[in-house]
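Listed here are the chains, written in short residue letters.
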Amino acid sequence: QVQLVESGGGLVQAGGSLRLSCAASGRTFSTYTMGWFRQAPGKEREFVAVIDWSGGITKHADAVKGRFTISRDNAKNTVYLQMDSLKPEDTAVYFCAARRWRAVAIVTTRTEYDYWGQGTQVTVSS
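What counts as what
- Residues numbered from 1 in each chain as written.
- Predicted model: local features only at pLDDT ≥ 70, side-chain atom pairs only at ≥ 80, totals over all residues.
- Heavy atoms only, no water.
- Salt bridge = Lys/Arg side-chain N within 4 Å of Asp/Glu carboxyl O.
- Helix = DSSP H or I, 4+ residues; strand = E, 2+ residues; numbered from the N terminus.
- Buried < 20%, exposed > 50% of the residue type's maximum accessible area, 1.4 Å probe, protein only.

**Thoughts on the pattern of salt bridges**
And step 1. For the structure on display, the rule yields six salt bridges.
And step 2. Residues Glu46 and Arg38 are paired through a salt bridge, measuring 2.7 Å at the closest nitrogen-oxygen approach.
And step 3. For Arg67, the salt bridge goes to Asp90, with nearest N and O atoms at 2.8 Å. With Arg67 in the loop between strand E6 (58–60) and strand E7 (68–73) and Asp90 in the loop between strand E8 (78–83) and strand E9 (92–99), the pair connects residues that are 23 residues apart, well separated along the chain.

**Structural notes on the environment of Trp101**
And step 1. Residue position: Trp101 is located in the loop between E9 and strand E10 (115–116).
And step 2. Note on Trp101: relative accessible area 62%, which makes it exposed.
And step 3. Distance from Trp101 to Thr28, taken between C-alpha atoms, is 9.8 Å for residues 73 residues apart in sequence.

Interpretation in functional terms is not warranted from these geometric data alone.
Okay, here's the thing in structure tokens:
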């Protein structure tokens, strides 16, 4: 099994920044597609960003494009989400997700991921 643990969430004022981290277990981390999703109260879990095994291909949701940046360090078995220019509507629980190797690496659908972390709360005040 794969264990994912998120950290770095917290309370920040609008316009501020946070960096989320997701530490993954297993020596095969470098073969996984990694994604970030978020879920606000009363809403469905939505796609935020995804990065392929090499870190060379990324995709970000339109709502966060230009403000959030996904990256990974395979030597540390860690994926990051740098969040800048935060808005109150970014308030949510943020989840890290892992997808085992497939021919198609960049996917944005929740059901396509194999493993999930517990989530970390991000709250942006106005």
